[in-house]
Amino acid sequence: MKKIQMTTPLVEMDGDEMTRILWKMIKDELILPFVDLKTEYFDLGLPHRDETNDQVTIDSAEATKKYGVAVKCATITPNAQRMDEYKLHKMWKSPNGTIRSILDGTVFRAPITIPSIKPVVKNWEKPITIARHAYGDVYKSVEIKTDEPGVAKLVFEGKSGKVEEVVIHEFTGEGVIQGMHNTDASIRSFAHSCFKFAIDTKQDLWFSTKDTISKKYDARFRAIFEELYEQEYKTQFEQLGIEYFYTLIDDAVARVIRSKGGFIWACKNYDGDVMSDMLSTAFGSLAMMTSVLVSPEGNYEFEAAHGTVTRHYYKYLKGEETSTNPMATIFAWSGALRKRGELDGLNDLVAFADKLEAACLDTLNEGIVTKDLVNLMEGVEPKPQTSAGFIAAIRERLEK
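I will try to describe carefully the structure that is included in this document.

Basis of the calculations
- Residues numbered from 1 in each chain as written.
- Predicted model: local features only at pLDDT ≥ 70, side-chain atom pairs only at ≥ 80, totals over all residues.
- Heavy atoms only, no water.
- Core = buried A, V, L, I, M, F, W, Y, C linked by side-chain atoms within 4.5 Å.
- Buried < 20%, exposed > 50% of the residue type's maximum accessible area, 1.4 Å probe, protein only.
- Contact = heavy atoms within 4.5 Å.
- Helix = DSSP H or I, 4+ residues; strand = E, 2+ residues; numbered from the N terminus.
- Expected span 1.5 Å × (residues − 1).
- Arc of directions from axis to C-beta.
- Pairing = 2+ DSSP bridges.
- Axes fitted to C-alpha atoms, helices over the stretch in contact; angles between N-to-C directions.

**As for the nonpolar core**
Stage number 1. Among the nonpolar cores identified, the biggest contains 69 residues, and Leu10, Leu30, Phe195, Leu205, Phe237 and Tyr244 are the most heavily contacted of them.
Stage number 2. Apart from the residues lying within four places of it in its own chain, the contact partners of Phe237 are Phe195, Ala198, Ile199, Leu205, Tyr229, Ile242, Glu243 and Tyr244.

**Describing helix α9 (residues 269–283)**
Stage number 1. Given a rise of 1.5 Å per residue, 15 residues ought to cover 21 Å, and the 21 Å separating the end C-alpha atoms of α9 matches this to within 8%.
Stage number 2. Residues of α9 that are buried include every one of Asn269, Gly272, Met275, Ser276, Leu279, Ser280, Ala282 and Phe283, and no others. Taken around the axis of α9, the buried residues stretch over an arc of 160°, which confines them to a single face.
Stage number 3. If you follow the buried residues of α9, they end up packed against β4 (106–111), β5 (129–133), α8 (249–258), β12 (263–267) and β13 (289–294).
Stage number 4. Where α9 ends, the next residue or the one after it, Gly284, has phi of about 150°, a positive value.

**Quick notes on the environment of Ala359**
Stage number 1. Checked against the element boundaries, Ala359 lands in helix α12 (residues 347–365).
Stage number 2. Under the relative-accessibility criterion, Ala359 is labelled buried at 3%.
Stage number 3. Along the primary structure Ala359 and Val151 are separated by 208 residues, whereas in three dimensions their C-alpha atoms are 61 Å apart.
Stage number 4. When neighbours within four sequence positions are excluded, Ala359 is seen to be in contact with Ile394, Arg397 and Leu398.

**Structural notes on the sheet that holds β4**
Stage number 1. Reading across from one edge, β2-β1-β3-β14-β13-β4-β5-β12-β10-β11 is the order of the ten strands in this open sheet, with mixed pairing throughout. Single-partner strands in this sheet number two, and they are β2 (39–43) and β11 (244–248). Strand-to-strand twist in this sheet, taken as the mean axis angle between neighbours without regard to direction, amounts to 20°.
Stage number 2. The pairing of β5 with β12 spans four bridges and is classified as parallel.

**Considering the environment of Ile168**
Stage number 1. Its location among the elements puts Ile168 in strand β8 (residues 163–171).
Stage number 2. Given a relative accessible area of 45%, Ile168 falls into the partly exposed group.
Stage number 3. Separated by 14 residues in the primary sequence, Ile168 and Leu154 have C-alpha atoms spaced 6.4 Å apart.
Stage number 4. The contacts of Ile168, once residues within four sequence positions are left out, are Ala152, Lys153, Leu154 and Ile177.

**Some details on the environment of Gly173**
Stage number 1. By the secondary structure assignment, Gly173 is in the loop between β8 and β9 (175–179).
Stage number 2. Residue Gly173 is classed as partly exposed on the basis of its relative accessible area, which comes to 24%.
Stage number 3. Placed 45 residues apart in sequence, Gly173 and Ile128 show a C-alpha to C-alpha distance of 45 Å.
Stage number 4. Excluding its chain neighbours within four sequence positions, the residues that come into contact with Gly173 are Glu148 and Pro149.

Encoded structure:
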(Lines give C-alpha, C1' and ligand atoms only; values in the text may rest on other atoms or scores of the structure.)
Protein backbone atom coordinates (compact mmCIF):
# COMPACT_ATOMS: atom_id res chain seq x y z
CA MET A 1 0.00 0.00 0.00
CA LYS A 2 1.30 3.44 -0.89
CA LYS A 3 1.98 5.46 2.25
CA ILE A 4 0.31 8.81 2.91
CA GLN A 5 2.82 11.60 2.34
CA MET A 6 3.65 14.48 4.69
CA THR A 7 5.27 17.79 3.74
CA THR A 8 6.05 19.42 7.11
CA PRO A 9 7.39 17.50 10.12
CA LEU A 10 5.58 17.06 13.41
CA VAL A 11 7.53 17.81 16.55
CA GLU A 12 7.72 14.43 18.35
CA MET A 13 8.38 14.46 22.10
CA ASP A 14 9.11 11.00 23.49
CA GLY A 15 8.49 10.28 27.17
CA ASP A 16 8.85 7.92 30.10
CA GLU A 17 8.01 4.49 31.48
CA MET A 18 4.94 2.57 30.24
CA THR A 19 3.74 5.35 27.98
CA ARG A 20 7.14 5.31 26.24
CA ILE A 21 6.64 1.59 25.54
CA LEU A 22 3.13 2.25 24.19
CA TRP A 23 4.47 5.18 22.13
CA LYS A 24 6.70 2.85 20.11
CA MET A 25 3.95 0.23 19.76
CA ILE A 26 1.50 2.84 18.44
CA LYS A 27 4.00 4.18 15.92
CA ASP A 28 5.07 0.72 14.73
CA GLU A 29 1.56 -0.75 14.44
CA LEU A 30 -0.81 2.14 13.70
CA ILE A 31 1.16 4.92 12.00
CA LEU A 32 4.36 3.86 10.23
CA PRO A 33 2.67 1.16 8.08
CA PHE A 34 0.31 3.80 6.67
CA VAL A 35 2.06 7.20 6.84
CA ASP A 36 5.46 8.31 5.53
CA LEU A 37 5.99 9.91 8.93
CA LYS A 38 8.16 13.01 9.18
CA THR A 39 9.05 14.19 12.68
CA GLU A 40 11.56 16.39 14.46
CA TYR A 41 12.37 14.02 17.35
CA PHE A 42 13.11 15.07 20.95
CA ASP A 43 13.75 12.57 23.74
CA LEU A 44 12.02 13.99 26.83
CA GLY A 45 12.64 10.83 28.82
CA LEU A 46 13.87 11.77 32.31
CA PRO A 47 17.44 10.41 31.85
CA HIS A 48 17.95 12.51 28.70
CA ARG A 49 16.42 15.60 30.28
CA ASP A 50 18.93 15.17 33.10
CA GLU A 51 21.83 14.71 30.67
CA THR A 52 20.96 17.93 28.82
CA ASN A 53 20.15 20.01 31.94
CA ASP A 54 16.56 20.05 30.62
CA GLN A 55 17.65 21.95 27.50
CA VAL A 56 15.91 19.28 25.38
CA THR A 57 12.55 20.35 26.83
CA ILE A 58 13.18 23.99 25.92
CA ASP A 59 14.35 22.97 22.44
CA SER A 60 11.21 20.91 21.87
CA ALA A 61 8.99 23.86 22.78
CA GLU A 62 10.93 26.19 20.45
CA ALA A 63 10.59 23.60 17.66
CA THR A 64 6.83 23.59 18.25
CA LYS A 65 6.83 27.34 17.62
CA LYS A 66 8.74 26.70 14.39
CA TYR A 67 6.65 23.84 12.97
CA GLY A 68 3.28 24.63 14.57
CA VAL A 69 2.23 21.09 15.58
CA ALA A 70 3.67 18.74 18.21
CA VAL A 71 2.73 15.41 19.74
CA LYS A 72 3.97 14.55 23.24
CA CYS A 73 4.29 11.35 25.26
CA ALA A 74 3.63 11.43 29.01
CA THR A 75 6.69 12.38 31.10
CA ILE A 76 7.82 12.14 34.72
CA THR A 77 7.90 15.22 36.93
CA PRO A 78 10.49 14.12 39.51
CA ASN A 79 10.06 14.20 43.27
CA ALA A 80 12.59 13.20 45.96
CA GLN A 81 11.98 9.49 45.31
CA ARG A 82 12.62 9.94 41.57
CA MET A 83 15.77 11.96 42.31
CA ASP A 84 17.20 8.90 44.04
CA GLU A 85 15.76 6.33 41.62
CA TYR A 86 17.14 8.05 38.50
CA LYS A 87 20.26 9.51 40.18
CA LEU A 88 19.31 12.98 38.92
CA HIS A 89 21.50 16.08 39.13
CA LYS A 90 18.48 18.21 39.97
CA MET A 91 14.75 17.89 40.71
CA TRP A 92 13.69 19.12 37.27
CA LYS A 93 10.45 21.03 36.86
CA SER A 94 7.44 19.63 35.03
CA PRO A 95 8.24 19.45 31.30
CA ASN A 96 4.58 20.21 30.61
CA GLY A 97 4.86 23.36 32.71
CA THR A 98 8.02 24.42 30.85
CA ILE A 99 6.44 23.85 27.43
CA ARG A 100 3.20 25.59 28.43
CA SER A 101 5.14 28.58 29.71
CA ILE A 102 7.19 28.93 26.50
CA LEU A 103 4.15 28.52 24.23
CA ASP A 104 1.94 30.68 26.50
CA GLY A 105 -0.90 28.32 25.64
CA THR A 106 -4.18 27.05 27.00
CA VAL A 107 -4.81 23.33 27.59
CA PHE A 108 -8.13 21.97 26.30
CA ARG A 109 -9.12 18.55 27.63
CA ALA A 110 -12.15 16.52 26.61
CA PRO A 111 -13.23 12.91 27.24
CA ILE A 112 -13.40 10.24 24.53
CA THR A 113 -16.95 8.92 24.86
CA ILE A 114 -18.58 5.68 23.66
CA PRO A 115 -22.20 4.46 24.06
CA SER A 116 -21.31 1.51 26.30
CA ILE A 117 -19.61 3.66 28.97
CA LYS A 118 -22.13 5.94 30.66
CA PRO A 119 -20.98 8.99 32.65
CA VAL A 120 -21.29 8.70 36.42
CA VAL A 121 -23.40 11.87 36.25
CA LYS A 122 -26.47 10.44 34.53
CA ASN A 123 -27.73 13.69 33.01
CA TRP A 124 -24.48 14.36 31.07
CA GLU A 125 -25.35 13.79 27.41
CA LYS A 126 -22.37 15.46 25.71
CA PRO A 127 -18.63 15.76 26.54
CA ILE A 128 -17.48 18.67 28.69
CA THR A 129 -14.24 20.34 27.63
CA ILE A 130 -11.93 21.81 30.28
CA ALA A 131 -9.92 24.87 29.22
CA ARG A 132 -7.00 25.17 31.62
CA HIS A 133 -4.81 28.25 31.89
CA ALA A 134 -1.26 27.00 31.50
CA TYR A 135 0.82 29.70 33.17
CA GLY A 136 1.51 30.87 36.69
CA ASP A 137 -0.41 30.18 39.90
CA VAL A 138 1.04 27.43 42.12
CA TYR A 139 3.09 26.02 39.20
CA LYS A 140 5.27 29.14 39.17
CA SER A 141 5.08 29.82 42.90
CA VAL A 142 7.93 30.39 45.35
CA GLU A 143 7.76 29.04 48.89
CA ILE A 144 9.39 29.46 52.28
CA LYS A 145 9.23 27.09 55.27
CA THR A 146 9.83 29.12 58.41
CA ASP A 147 10.87 27.57 61.74
CA GLU A 148 10.55 30.62 63.99
CA PRO A 149 8.21 33.54 64.76
CA GLY A 150 8.36 36.53 62.41
CA VAL A 151 6.55 38.67 59.88
CA ALA A 152 5.90 37.61 56.27
CA LYS A 153 5.43 40.46 53.77
CA LEU A 154 4.50 40.79 50.12
CA VAL A 155 6.61 43.52 48.52
CA PHE A 156 6.55 44.98 45.00
CA GLU A 157 9.32 47.37 43.92
CA GLY A 158 8.27 49.18 40.76
CA LYS A 159 10.70 50.38 38.09
CA SER A 160 9.50 53.91 38.85
CA GLY A 161 10.69 53.59 42.43
CA LYS A 162 7.22 53.08 43.83
CA VAL A 163 7.10 50.42 46.57
CA GLU A 164 3.99 48.53 47.69
CA GLU A 165 4.09 46.37 50.81
CA VAL A 166 1.47 44.33 52.67
CA VAL A 167 1.81 42.03 55.67
CA ILE A 168 0.87 38.46 54.82
CA HIS A 169 0.96 37.10 58.36
CA GLU A 170 2.65 37.61 61.72
CA PHE A 171 3.90 34.16 62.68
CA THR A 172 4.10 33.14 66.35
CA GLY A 173 5.66 29.80 65.45
CA GLU A 174 6.55 27.60 62.50
CA GLY A 175 4.66 27.89 59.21
CA VAL A 176 4.78 28.02 55.44
CA ILE A 177 4.50 30.91 52.99
CA GLN A 178 3.74 30.81 49.27
CA GLY A 179 3.91 33.56 46.67
CA MET A 180 2.08 33.24 43.33
CA HIS A 181 1.87 35.50 40.31
CA ASN A 182 0.30 35.90 36.91
CA THR A 183 0.57 38.46 34.12
CA ASP A 184 -2.04 40.43 32.21
CA ALA A 185 -0.41 39.27 28.96
CA SER A 186 -0.81 35.60 29.84
CA ILE A 187 -4.36 36.02 31.11
CA ARG A 188 -5.25 37.82 27.85
CA SER A 189 -3.72 34.97 25.82
CA PHE A 190 -5.77 32.50 27.88
CA ALA A 191 -8.96 34.46 27.27
CA HIS A 192 -8.33 34.82 23.52
CA SER A 193 -7.64 31.07 23.21
CA CYS A 194 -10.85 30.20 25.08
CA PHE A 195 -13.07 32.54 23.05
CA LYS A 196 -11.56 31.36 19.76
CA PHE A 197 -11.90 27.69 20.69
CA ALA A 198 -15.55 28.24 21.66
CA ILE A 199 -16.21 29.89 18.30
CA ASP A 200 -14.36 27.13 16.39
CA THR A 201 -16.28 24.36 18.16
CA LYS A 202 -19.56 26.32 18.47
CA GLN A 203 -19.86 25.65 22.19
CA ASP A 204 -20.87 27.81 25.15
CA LEU A 205 -17.98 29.07 27.28
CA TRP A 206 -18.18 29.12 31.07
CA PHE A 207 -15.44 30.81 33.11
CA SER A 208 -15.03 30.51 36.88
CA THR A 209 -12.70 31.83 39.59
CA LYS A 210 -13.25 32.98 43.19
CA ASP A 211 -13.16 36.76 42.88
CA THR A 212 -15.33 37.23 45.99
CA ILE A 213 -12.34 36.02 48.04
CA SER A 214 -9.42 36.91 45.76
CA LYS A 215 -10.49 40.48 45.06
CA LYS A 216 -7.39 41.40 43.02
CA TYR A 217 -5.80 38.19 41.69
CA ASP A 218 -8.93 36.29 40.60
CA ALA A 219 -10.80 39.53 39.93
CA ARG A 220 -8.16 40.43 37.32
CA PHE A 221 -8.97 37.25 35.39
CA ARG A 222 -12.68 38.08 35.41
CA ALA A 223 -12.12 41.67 34.30
CA ILE A 224 -9.88 40.73 31.37
CA PHE A 225 -12.30 38.04 30.14
CA GLU A 226 -15.24 40.44 30.29
CA GLU A 227 -13.29 43.23 28.58
CA LEU A 228 -12.20 41.02 25.65
CA TYR A 229 -15.65 39.47 25.30
CA GLU A 230 -17.37 42.85 25.06
CA GLN A 231 -14.73 44.36 22.74
CA GLU A 232 -13.94 41.47 20.37
CA TYR A 233 -16.14 38.38 20.66
CA LYS A 234 -19.67 39.26 21.74
CA THR A 235 -21.00 39.77 18.20
CA GLN A 236 -19.58 36.44 16.96
CA PHE A 237 -20.99 34.59 19.98
CA GLU A 238 -24.43 36.10 19.40
CA GLN A 239 -24.34 35.26 15.68
CA LEU A 240 -23.50 31.63 16.48
CA GLY A 241 -26.11 31.44 19.23
CA ILE A 242 -23.56 30.51 21.87
CA GLU A 243 -23.15 32.01 25.33
CA TYR A 244 -20.31 33.28 27.52
CA PHE A 245 -20.84 33.73 31.22
CA TYR A 246 -18.83 34.02 34.43
CA THR A 247 -19.62 32.36 37.73
CA LEU A 248 -17.83 31.51 40.96
CA ILE A 249 -15.89 28.23 40.94
CA ASP A 250 -18.09 26.62 43.64
CA ASP A 251 -21.25 27.65 41.77
CA ALA A 252 -19.72 26.34 38.54
CA VAL A 253 -19.19 22.90 40.11
CA ALA A 254 -22.87 22.72 41.02
CA ARG A 255 -23.93 23.92 37.56
CA VAL A 256 -21.63 21.39 35.85
CA ILE A 257 -23.11 18.49 37.82
CA ARG A 258 -26.68 19.59 36.95
CA SER A 259 -25.89 20.28 33.28
CA LYS A 260 -26.30 18.12 30.18
CA GLY A 261 -22.70 18.83 29.10
CA GLY A 262 -21.61 20.05 25.70
CA PHE A 263 -19.75 23.22 26.74
CA ILE A 264 -16.24 24.54 27.53
CA TRP A 265 -15.39 25.18 31.17
CA ALA A 266 -12.45 27.61 31.51
CA CYS A 267 -10.44 27.41 34.75
CA LYS A 268 -7.30 28.85 36.25
CA ASN A 269 -4.24 26.59 36.20
CA TYR A 270 -4.69 24.58 39.40
CA ASP A 271 -8.50 24.47 39.17
CA GLY A 272 -8.21 23.11 35.65
CA ASP A 273 -5.69 20.47 36.73
CA VAL A 274 -8.06 19.13 39.40
CA MET A 275 -11.35 19.50 37.52
CA SER A 276 -10.07 17.81 34.35
CA ASP A 277 -9.20 14.70 36.39
CA MET A 278 -12.62 14.80 38.04
CA LEU A 279 -14.37 15.09 34.66
CA SER A 280 -12.30 12.36 33.02
CA THR A 281 -13.04 9.94 35.86
CA ALA A 282 -16.73 10.84 35.85
CA PHE A 283 -16.88 10.21 32.10
CA GLY A 284 -15.04 6.88 32.45
CA SER A 285 -11.25 6.92 32.68
CA LEU A 286 -8.30 9.31 32.66
CA ALA A 287 -6.91 7.09 29.88
CA MET A 288 -9.88 8.26 27.77
CA MET A 289 -9.11 11.99 28.00
CA THR A 290 -7.68 14.02 25.12
CA SER A 291 -5.48 17.04 25.75
CA VAL A 292 -4.25 19.75 23.40
CA LEU A 293 -2.22 22.87 24.21
CA VAL A 294 -3.19 25.79 21.95
CA SER A 295 -1.11 28.97 21.84
CA PRO A 296 -2.52 32.39 20.84
CA GLU A 297 -0.32 32.21 17.70
CA GLY A 298 -2.04 29.00 16.62
CA ASN A 299 0.58 26.42 17.66
CA TYR A 300 -0.71 23.04 18.85
CA GLU A 301 0.78 20.41 21.15
CA PHE A 302 -1.24 17.19 21.51
CA GLU A 303 -0.73 14.82 24.44
CA ALA A 304 -2.47 12.36 26.74
CA ALA A 305 -3.94 13.83 29.91
CA HIS A 306 -2.60 11.03 32.14
CA GLY A 307 0.82 10.14 33.54
CA THR A 308 3.43 7.52 32.74
CA VAL A 309 1.57 4.52 34.30
CA THR A 310 4.48 3.62 36.60
CA ARG A 311 2.84 0.57 38.18
CA HIS A 312 2.38 -1.10 34.79
CA TYR A 313 5.95 -0.19 33.81
CA TYR A 314 7.39 -2.07 36.80
CA LYS A 315 5.31 -5.10 35.77
CA TYR A 316 6.59 -4.75 32.20
CA LEU A 317 10.20 -4.71 33.45
CA LYS A 318 9.53 -8.04 35.20
CA GLY A 319 8.40 -9.51 31.88
CA GLU A 320 4.71 -9.52 32.84
CA GLU A 321 1.97 -8.68 30.34
CA THR A 322 0.16 -5.39 30.93
CA SER A 323 -3.24 -4.14 29.90
CA THR A 324 -2.51 -0.42 29.69
CA ASN A 325 -5.06 1.74 27.90
CA PRO A 326 -3.38 3.54 24.95
CA MET A 327 -6.46 5.48 23.76
CA ALA A 328 -5.44 8.97 24.92
CA THR A 329 -1.97 8.53 23.42
CA ILE A 330 -3.39 7.27 20.11
CA PHE A 331 -5.75 10.26 20.01
CA ALA A 332 -2.77 12.56 20.66
CA TRP A 333 -1.18 11.17 17.48
CA SER A 334 -4.42 11.35 15.47
CA GLY A 335 -5.04 14.91 16.66
CA ALA A 336 -1.55 16.00 15.67
CA LEU A 337 -1.72 14.28 12.27
CA ARG A 338 -5.15 15.81 11.59
CA LYS A 339 -3.98 19.31 12.49
CA ARG A 340 -0.80 18.86 10.39
CA GLY A 341 -2.98 17.75 7.47
CA GLU A 342 -5.35 20.69 7.91
CA LEU A 343 -2.55 23.24 8.05
CA ASP A 344 -0.72 21.73 5.04
CA GLY A 345 -3.85 21.03 2.97
CA LEU A 346 -3.26 17.24 3.02
CA ASN A 347 -6.73 15.71 2.85
CA ASP A 348 -5.37 12.13 2.91
CA LEU A 349 -3.62 12.80 6.22
CA VAL A 350 -6.80 14.30 7.72
CA ALA A 351 -8.80 11.30 6.49
CA PHE A 352 -6.24 8.89 7.99
CA ALA A 353 -6.55 10.56 11.40
CA ASP A 354 -10.34 10.22 11.20
CA LYS A 355 -10.04 6.54 10.25
CA LEU A 356 -7.57 5.83 13.05
CA GLU A 357 -9.98 7.25 15.62
CA ALA A 358 -12.90 5.38 14.04
CA ALA A 359 -10.94 2.12 14.23
CA CYS A 360 -10.30 2.75 17.93
CA LEU A 361 -13.97 3.43 18.63
CA ASP A 362 -15.11 0.42 16.56
CA THR A 363 -12.78 -1.78 18.61
CA LEU A 364 -14.17 -0.47 21.90
CA ASN A 365 -17.78 -0.71 20.71
CA GLU A 366 -17.21 -4.41 19.96
CA GLY A 367 -16.21 -4.90 23.59
CA ILE A 368 -12.48 -5.31 22.91
CA VAL A 369 -10.97 -3.29 25.76
CA THR A 370 -8.11 -2.93 28.21
CA LYS A 371 -8.81 -4.05 31.78
CA ASP A 372 -9.46 -0.54 33.15
CA LEU A 373 -12.68 -0.32 31.11
CA VAL A 374 -14.11 -3.80 31.80
CA ASN A 375 -16.20 -2.84 34.82
CA LEU A 376 -17.42 0.39 33.20
CA MET A 377 -19.10 -1.12 30.13
CA GLU A 378 -22.85 -1.65 29.81
CA GLY A 379 -24.82 -3.50 27.13
CA VAL A 380 -21.79 -5.24 25.63
CA GLU A 381 -19.72 -8.24 26.76
CA PRO A 382 -16.19 -6.96 27.52
CA LYS A 383 -13.32 -8.94 26.04
CA PRO A 384 -10.22 -7.76 27.93
CA GLN A 385 -6.93 -7.62 26.03
CA THR A 386 -3.29 -6.91 26.77
CA SER A 387 -1.92 -3.59 25.50
CA ALA A 388 -0.41 -5.36 22.47
CA GLY A 389 -3.60 -7.32 21.80
CA PHE A 390 -5.74 -4.18 21.97
CA ILE A 391 -3.47 -2.29 19.55
CA ALA A 392 -3.45 -5.31 17.21
CA ALA A 393 -7.26 -5.31 17.20
CA ILE A 394 -7.26 -1.61 16.28
CA ARG A 395 -4.81 -2.24 13.46
CA GLU A 396 -7.02 -4.99 12.07
CA ARG A 397 -9.96 -2.60 11.86
CA LEU A 398 -7.79 0.23 10.54
CA GLU A 399 -6.57 -1.95 7.69
CA LYS A 400 -10.19 -2.67 6.74
